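Chains, contacts and geometry: an overview
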Amino acid sequence: MSYKEYLDVLKQNSHFREIKDFTHKDEKYIEINGKKLINLSSNNYLGFADNNAVTQEFLETTGAKYCFGSASARLLTGTLPVYKELELLLAKLFNKDSALIFNSGYHANVGINSSIAGKGDVIFSDKLNHASIIDGMRLSEGKFFRYPHNNMEALEKLLIRERKNFNNAIIVSESVFSMDGDIADLRKLVELKEKYNCILILDEAHAFGVFGQNGLGVSETLGIIDNVDLIVGTFGKAIGSMGAFAVGNKTLIDYLTNKARSFIFSTALPPINIAFTKWIIENKLPKTYEKRMNMIKLGKKITAQLTPLPNPLPQEAREAEINVVQQGYVRNTPQGAREGSHIIPIIIGSNKETVETCEILYQNGFFTLPIRPPTVPEGTSRLRLSLTTDITEQEIQNAISLAKQTK
Ligand SMILES: Cc1ncc(COP(=O)(O)O)c(C=O)c1O
């Protein structure tokens, strides 16, 4: 198939993606062609990414101390004390030996999952884990299995069948799932990792800065940080910056420093960016507790109101074991009702109807993006509504009512 034909097929199937031109982004709003919309597609959960007052305050505090280029990878000459300071801060917050900064969550997951399992090792990964985890596993020399989403029984069966055939075994899961907003059964994951002698990696990309007393993630909420071997978090979402980290014991972090190619072979993030991340975590994040808790509470409330409607599932969705329900539809987990978060998926099903729903929301002042395969399983295209601390209950309820009317 030629490139042009490939693109034509995408267009026919409402799969074609384009980068939109935003003229302005400000707190909860986004402006496209002069039209001001409430942004329901943002990972800027605490509003730090585009808050002029915050940026101004940071620049006044730091002046011209930090440059905009690191000019090299960390293991060459691309490091300065501020990188180590941020790593020490993270290690201290999580009470772990060490931390390692990556250039993004994508870099972190690709680097970690490609290097953590060598020949004779195995990774067990939730079927809905992010593309960066999947890409990392594909580059790995080890073998990997994908268990049905959040299905701990299926994972245990897999562990019973396969664990004995491998040396090192790793279980990897997101905590808050990026496209479904549901939360992994972390206590069970810890139990299984201990029972079957595995390393547990937890990607807290959407939970770092949102969940927990200190914003460390769902593992902090549940008091299980000590039981997770490697916690991954991103700075590009709630922190409003860029980059990512992994925290764990010294051996694992030293191993990644020596083996994770996305860390070794890429120019480090700009020092000013690292300084901004550190400044937000130290100075701003501690003041967000109440706002974060209200946002999560609202997300859970809205999610609980979405009525599951049984619907014949498309094959791919059935394989992913998402109980797709019709619109307004949240799926239950295999264990029963799901626990919601600040991410609210409105599963529509077809690409075409999902795109049309976004258009109606757009006409009514809301910005949402259609989430389509391959980001989500075929037949489960959706709106992924994400809350920020500035979005009100009325606004999100209005958006959901509009989405429901379109079918
Ligand atoms: C669960 C998860 N992990 C990792 C990433 C990648 O993070 P980043 O955007 O910093 O590359 C994402 C991005 O959306 C994500 O959802």
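Residues numbered from 1 in each chain as written. Predicted model: local features only at pLDDT ≥ 70, side-chain atom pairs only at ≥ 80, totals over all residues. Heavy atoms only, no water.

1. A closer look at the domain arrangement of the protein chain
What the domain assignment reports for the protein chain is domain 1 (10-39 + 289-405) and domain 2 (81-287). Contact with domain 1, which involves 27 residues of that partner, is made by 26 residues of domain 2. Both faces considered, domain 1 and domain 2 share a buried interface measuring about 2000 Å² in area, 54% of it formed by carbon and sulfur atoms. Our count for the domain 1 to domain 2 interface comes out at one salt bridge. A salt bridge links Asp180 to Arg382; the nearest nitrogen and oxygen atoms lie 2.8 Å apart. Applying the counting rule to domain 1 against domain 2 returns nine residue pairs in polar contact (both at pLDDT 80 or more). (Domains from an automatic or database assignment. Contact = heavy atoms within 4.5 Å. Buried area = accessible area lost by both parts, 1.4 Å probe. Salt bridge = Lys/Arg side-chain N within 4 Å of Asp/Glu carboxyl O. Polar contact = N/O pair within 3.5 Å; in protein donor to acceptor, adjacent residues only side chain to side chain.)

2. Focus: the confidence of the model for the protein chain
For the protein chain, the mean per-residue pLDDT works out to 90, and 92% of the residues sit at or above 70. Throughout residues 309-314 the model reports pLDDT below 50, and contacts reaching past four residues in sequence, or to other chains, amount to 13 contacts. Predicted confidence for residues 317-337 stays below pLDDT 50, and this span has 78 contacts to residues more than four positions away or in other chains. (pLDDT = per-residue confidence, 0-100.)

3. Points about the pattern of salt bridges
In the structure shown here, the tally under the stated rule is 16 salt bridges. Linking Glu162 and Arg161 is a salt bridge whose minimum nitrogen-to-oxygen distance equals 2.9 Å. The class of Glu162 is buried, set by a relative accessible area of 12%. If you follow the salt bridges from partner to partner, you end up with Arg74, Lys84 and Glu87 in one network. (Buried < 20%, exposed > 50% of the residue type's maximum accessible area, 1.4 Å probe, protein only.)

4. Overview of the nonpolar core
The biggest cluster of nonpolar side chains holds 87 residues, and the ones touching the most others in it are Leu90, Phe124 and Ile396. Each of domain 1 (10-39 + 289-405) and domain 2 (81-287) accounts for three or more of the residues forming this core. Discounting chain neighbours no more than four positions away, the residues touching Phe124 are Phe145, Tyr147, Leu155, Leu158, Leu159, Glu162, Ala169, Ile170, Ile171 and Val172. Counting residues in hydrophobic clusters, the runner-up holds 22 residues, among them Ala108, Ile123, Ile201 and Ile253. (Core = buried A, V, L, I, M, F, W, Y, C linked by side-chain atoms within 4.5 Å.)

5. Remarks on the sheet that holds strand 2 (residues 29-32)
With respect to topology, four strands assemble into an open sheet ordered 1-2-3-12, the strand pairing being mixed. On the outer flanks of this sheet lie strand 1 (22-26) and strand 12 (366-367), each paired with one strand and no other. Relative to strand 2, strand 1 runs antiparallel, the two being bridged by four bridges. Its bridge partner being in strand 2, Asp26 is matched across the sheet by Tyr29. (Pairing = 2+ DSSP bridges. Helix = DSSP H or I, 4+ residues; strand = E, 2+ residues; numbered from the N terminus.)

6. A word on unusual backbone geometry
Following Pro373, the chain continues to Pro374 via a peptide bond in cis, the omega torsion being 10°. For Pro374, the location among the structural elements is in the loop between strand 13 (370-371) and strand 14 (381-386). The phi torsion at Asn33 lies on the positive side, around 45°, for a residue other than glycine. Within the secondary structure, Asn33 is located in the loop between strand 2 and strand 3 (35-39). Note on Asn33: relative accessible area 66%, which makes it exposed. Notably, Asn197 is not glycine yet its phi reads approximately 55°, a positive angle. Here Asn197 shows up in the loop between helix 7 (186-195) and strand 8 (199-203).

7. So, the pairing of strand 2
Taking every second residue as pointing to the same face, the buried face of strand 2 carries Ile30 and Ile32, while none of Tyr29 and Glu31 on the other face is buried. In this antiparallel pair of consecutive strands, strand 1 and strand 2, the connection spans two residues, and Glu27 shows a positive phi of 45°. Taken together, the four bridges between strand 2 and strand 3 define a ladder with antiparallel strand orientation. Residue pairing for strand 3: Ile30 is matched across the bridge by Leu37. Counting the residues between successive antiparallel strands, the hairpin from strand 2 to strand 3 contains two residues, one of them, Asn33, with a positive phi of roughly 45°.

8. A look at the sheet that holds strand 11 (residues 343-349)
If you walk across this open sheet you meet the three strands as 11-14-13, and the pairing is antiparallel. Each of the sheet's edge strands pairs with one partner strand only, and the pair in question is strand 11 and strand 13. In this structure, strand 11 lies alongside strand 14, joined through six bridges in antiparallel fashion. Across the sheet, Pro345 pairs through a bridge with Arg384, a residue of strand 14.

9. Some thoughts on the packing of helix 4 (residues 105-115) against helix 5 (residues 131-139)
When two helices pack together, their arrangement is given by the angle between the helix axes and the distance between those axes. Following both chains from N to C, one finds helix 4 and helix 5 inclined at 30°, their axes separated by 7 Å at the closest point. In this structure, the crossing between helix 4 and helix 5 has a hand that is right-handed. Packed against helix 4, whose contacting residues are Gly105, Tyr106, Asn109, Val110, Asn113 and Ser114, the element helix 5 presents Ser132, Ile133, Asp135, Gly136, Met137 and Leu139 at the interface. Residues belonging to the contact of helix 4 with helix 5 are distributed by class as follows: five nonpolar, six polar and one charged. (Axes fitted to C-alpha atoms, helices over the stretch in contact; angles between N-to-C directions. Left-handed = near helix turned anticlockwise from the far one by under 90°. Nonpolar A, V, L, I, M, F, W, Y, C, P; charged D, E, K, R; others polar.)

10. Concerning helix 14 (residues 351-363)
With 13 residues, helix 14 ought to run about 18 Å at 1.5 Å a step, and its terminal C-alpha atoms sit 19 Å apart, in line with that. For helix 14, every residue scored as buried is listed here: Asn351, Thr354, Thr357, Cys358, Leu361 and Tyr362. When helix 14 is viewed along its axis, its buried side chains cluster within an angular range of 140° and face the same direction. (Expected span 1.5 Å × (residues − 1). Arc of directions from axis to C-beta.)

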